[in-house]
Amino acid sequence: RQAAREPPLPHIIVSNVLMEAIYLGNTAVGAANYDPVERGLRIAEQTGVHVWDAELYGQGAVMALNWGDHARAAEFLAKMGERSHESRSVHVAGYHFFTAWERYLRGDTAAALAQAGVALQRARDAGSRPVEMHALVMYAEALHARGRTVEALELLKQIDRVPSRRAQYRRWLAEANVLLD
């Protein structure tokens, strides 16, 4: 009962705001709204709890990319890169994945391929199957864009290492995208 009367700990508040940012970033609902990202970063600055800074910047980049705001995505990615400490391999993998996506959308498939390769290796080093799945798809998309379709399709088979229906579904979508292009 005492705990219910206490204000939530800052890391709980920032975690909840991060979940809101992830939701908005993945649904791209309405007009560009970076409020959850900015609110989470403001709370982190006020409280000194910076454990989710890189992830908040990453979600800001996702939002910006979904809304077609490449300049803002580049700003978020630069700050994410600054906050992605080497000891947090998942954040480093995420940074490279988001950077690969941004480069791909700009049409720089060579840079996208390089960044996706780093993201894939870092995700595997960290043991993060979800980031590995996303990196595999990005890598395959970049390979296909560079005319290496057979290699892209072979690479997508590696998603089977990720034991989830979502991963399988993502593989099928990526394969269909490559084959129907």
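Here's a quick rundown of the structure. (Residues numbered from 1 in each chain as written. Predicted model: local features only at pLDDT ≥ 70, side-chain atom pairs only at ≥ 80, totals over all residues. Heavy atoms only, no water.)

## Topic: the packing of aromatic side chains
For any pair of aromatic rings, geometry is given as the distance between the ring centres together with the angle between the planes.
Right, so step 1: Going through the model one piece at a time under the given rule, you end up with five aromatic pairs.
Right, so step 2: Seen from their ring centres, Tyr34 and Phe76 are 5.5 Å apart, and the 45° between their planes marks the pair as tilted. Highlighted residues: Tyr34 in the loop between α2 (10-27) and α3 (35-47) and Phe76 in helix α5 (residues 70-83), separated in sequence by 42 residues. No difference in accessibility class separates Tyr34 from Phe76, as the two residues are buried.
Right, so step 3: The interplanar angle of 45° and the centroid separation of 6.4 Å between the aromatic rings of Tyr57 and Phe76 together place this pair among those described as tilted. Taken together, the positions of Tyr57 in helix α4 (residues 53-66) and Phe76 in helix α5 put the pair 19 residues apart, joining distant regions of the chain.
Right, so step 4: Look at Phe76 and you get buried, because its relative accessible area is 6%.
Right, so step 5: Here a set of aromatic residues connected by ring pairs shows up, and it is made of Tyr34, Tyr57, Trp67 and Phe76.
Right, so step 6: One cation-aromatic arrangement involves Arg72 over Tyr34; the distance from NZ or CZ to the ring centre is 4.4 Å. (Phe/Tyr/Trp six-rings, centres within 6.5 Å; stacked < 30°, edge-to-face > 60°. Helix = DSSP H or I, 4+ residues; strand = E, 2+ residues; numbered from the N terminus. Buried < 20%, exposed > 50% of the residue type's maximum accessible area, 1.4 Å probe, protein only. Lys NZ or Arg CZ within 6 Å of the ring centre and 35° of its normal.)

## Considering the pattern of salt bridges
Right, so step 1: In the structure shown here, the tally under the stated rule is 13 salt bridges.
Right, so step 2: In this structure, Arg106 and Glu102 form a salt bridge, with 2.1 Å as the shortest nitrogen-oxygen distance. Taken together, the positions of Arg106 and Glu102, both in helix α6 (residues 89-106) and four residues apart, correspond to about one turn of that helix.
Right, so step 3: Owing to a relative accessible area of 1%, Glu102 belongs among the buried residues under this scheme.
Right, so step 4: Between Arg129 and Glu132 there is a salt bridge, and its shortest N-O distance comes to 3.5 Å. Separated by three residues within a single helix, Arg129 and Glu132 lie in helix α8 (residues 129-145), roughly one turn from each other.
Right, so step 5: Given a relative accessible area of 1%, Glu132 falls into the buried group.
Right, so step 6: A cluster of three or more residues bridged by salt bridges with shared partners is formed by Arg124, Arg129, Glu132 and Arg161. (Salt bridge = Lys/Arg side-chain N within 4 Å of Asp/Glu carboxyl O.)

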